[in-house]
Structure formats: structure tokens, C-alpha cells
Amino acid sequence: MTPNQFEIFSDFRDEFCTYCMKMNKAYGDLLKPLQIAASADDTPDYPVETPVVYNSALDEITEKSDIRMIVIGDNPGKDEQLDKNKKYLVGQSGKLAAGFFEKNAEFNTDFRKNVIILNKTPVHTAKTTHLKYLLKKGGNDVRTLILESQIFMAEKTAMLHQALCNNAGEDGIKPELWLVGYAELKDKGLFLGYKKELSEDYDKTEEFWNRVYVFQHFSMNRFSIDLKTFMSKHGGLGIVDAAHELGTLHKKEIFG
């Protein structure tokens, strides 16, 4: 990164870490029993250790890091919130993502070194759909937290992305932003607050919005299957161009 890029990133990282610490202190005791109850019917027992999860992998990024992408998942799952991890996309979905970029050198991206990994909300649930339980049973405080955390993440992520692009210099890297997982961005989905805020934060900045792409989630290999299907129908495209076209297609489907 350029010195300016790293300073921008460091400020974002500090603000994000402080935010998660404050939310854990304010809401942790309220969230834990709800998160346990939400998973009772369809998830093996596991310890809820971090109700609101900061991605500690961000602490490993230095000025020497080449950041090529910002990848946005849904929310931290059961592996991500464990005290021994506190990192995003470290479960099966993350392994699939890392494997994809390892197999496809055309992207020139190491998923663990060249990617800033964030989520649409830092509020943990074992499965994304469990957030519905928290919204239903958690009362006004939890509903407000989940909505406002989406707005916080969308606003700060959009600012980070655009600032990193603006401060790349002549030879620096202008990162792409990949929204991975769009089911809950549609209709009456869980992340409409994130969607609305993100769209507004890119208003009148077509240059940067053109570097935003939307994809199916890495989980269950849906991302790779979708891309492979798209490439089979567009035989002349290399994998990077195909990903950009597919990501733009899904972006138009979701954002209009």
C-alpha cells in the first residue's frame, strides 16, 4: 500500500475494532443467550464466545501488504467467533475461497494476504438466517443493533474502498470490492439496511461503483458453480473477465 492508503486503512481498522469492543460491552450479555437459542434446532452445540466479532486478521496487514480486494461476507459464524480465531471466513466457506484463488493464479490474489475481509454485520450467529430469531426475540435494542451495525459497516466499507482507490497513486493498486452472498439483499432480506446505505454511499461515484461486484456465496461452492456455469455460456472469456461480467450482472440484479 502507499503510505496514504495504509494510514486510511489503519484509521478504519482502529474505528472498526473500537466499535466491536463497544458493542460487545453494551450488548454481549443480551446477545449470547439469543445466539445459543437461535441455533438450538439445527446446529450442534458450540460455545458462544464473541457475540460481536472484530476480524483480528486485519491486524496482520501492514504497509507492505498489497491489497487487491475487499471481500464482504454475511456475518461471523460459529468458527469465526471462537476466541482462538476471531477472524472472518475461517470455516469451510473461507477454505473454499482460499482454494479458488490458489487454483486461479490469473487473479494474482492470495486470499489470506491480499484481501480485506469484512461482513455486512459483525453480529454473530451460527447461520445467517438465525439473525431472524434475534430480530424476533431480541426486542428493540437488538433490532436497532443489527440494523445500525449494517449501516455502520456499509458506510465505513464504502469510505474505505473509495479512499484506497483515490490514494493508490499512479502505479498503486485500486482494490475491487466483492459482495459475496446476495440472497439476503433481495426482497425482504436481512441486509436491506446494508444494501441501501452502500448504494447511497456510492452515489455519483461511477468510477468506484464500477469496481464493485456481487456474487453468490463461497459456501457450498455456490460461487464457483455459478462462475463455471457463466463461463460455459460465454466461452470466449477468461476467468477474470468472466468474474467481472458475472459480478456486474448480479450487481444490476440486486441494485438495479
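(A) Representation of the environment of lysine 32 within the structure. You can see lysine 32 is positioned in helix α1 (residues 3-38). Sequence-wise, lysine 32 and proline 47 are 15 residues apart; in three dimensions their C-alpha atoms are separated by 9.6 Å. Excluding residues that lie within four positions of it along the chain, lysine 32 makes contacts with Val48, Glu49 and Pro51.

(B) Structural context of the pattern of salt bridges. Throughout the structure, instances matching the rule amount to 7 salt bridges. The residue glutamate 15 makes a salt bridge to lysine 156 at a minimum N-O spacing of 3.0 Å. Of this pair, glutamate 15 sits in helix α1 while lysine 156 is found in helix α4 (residues 139-166), placing the two residues 141 residues apart along the sequence. Of the residues examined, glutamate 15 reaches a relative accessible area of 36% and is grouped as partly exposed. Of the charged contacts, one joins glutamate 200 and lysine 196 as a salt bridge, the two residues approaching to 2.7 Å between their closest N and O atoms.

(C) Just the pairing of strand β2 (residues 115-119), in detail. For β2, the buried fraction is high: 5 of the 5 residues fall into the buried class. Judged by which residues are buried, β2 turns out to be covered on both faces: Val115, Ile117 and Asn119 on one side and Ile116 and Leu118 on the other are all buried. Taken together, strand β1 (residues 69-73), helix α2 (residues 92-103) and β2 constitute a β-α-β crossover, and its handedness is right-handed.

(D) Local environment of the packing of α4 against helix α5 (residues 192-201). Packing of α4 against α5 leaves a shortest axis separation of 8 Å and a crossing angle of 30 degrees. Here α4 lies roughly parallel to α5, going by the angle between them. Note on packing geometry: the crossing formed by α4 with α5 is right-handed. Only Leu192, Gly193, Tyr194, Glu197, Leu198 and Asp201 of α5 make contact with α4, whose side of the interface consists of Leu147, Gln150, Ile151, Met153, Ala154, Glu155, Thr157, Ala158 and Gln162.

Conventions and cut-offs
Residues numbered from 1 in each chain as written. Predicted model: local features only at pLDDT ≥ 70, side-chain atom pairs only at ≥ 80, totals over all residues. Heavy atoms only, no water. Helix = DSSP H or I, 4+ residues; strand = E, 2+ residues; numbered from the N terminus. Contact = heavy atoms within 4.5 Å. Salt bridge = Lys/Arg side-chain N within 4 Å of Asp/Glu carboxyl O. Buried < 20%, exposed > 50% of the residue type's maximum accessible area, 1.4 Å probe, protein only. Right-handed = clockwise from strand over helix to strand, strands pointing away. Axes fitted to C-alpha atoms, helices over the stretch in contact; angles between N-to-C directions. Parallel < 35°, antiparallel > 145°, perpendicular 65-115°, else oblique. Left-handed = near helix turned anticlockwise from the far one by under 90°.

Purely geometric numbers; function is a separate question.
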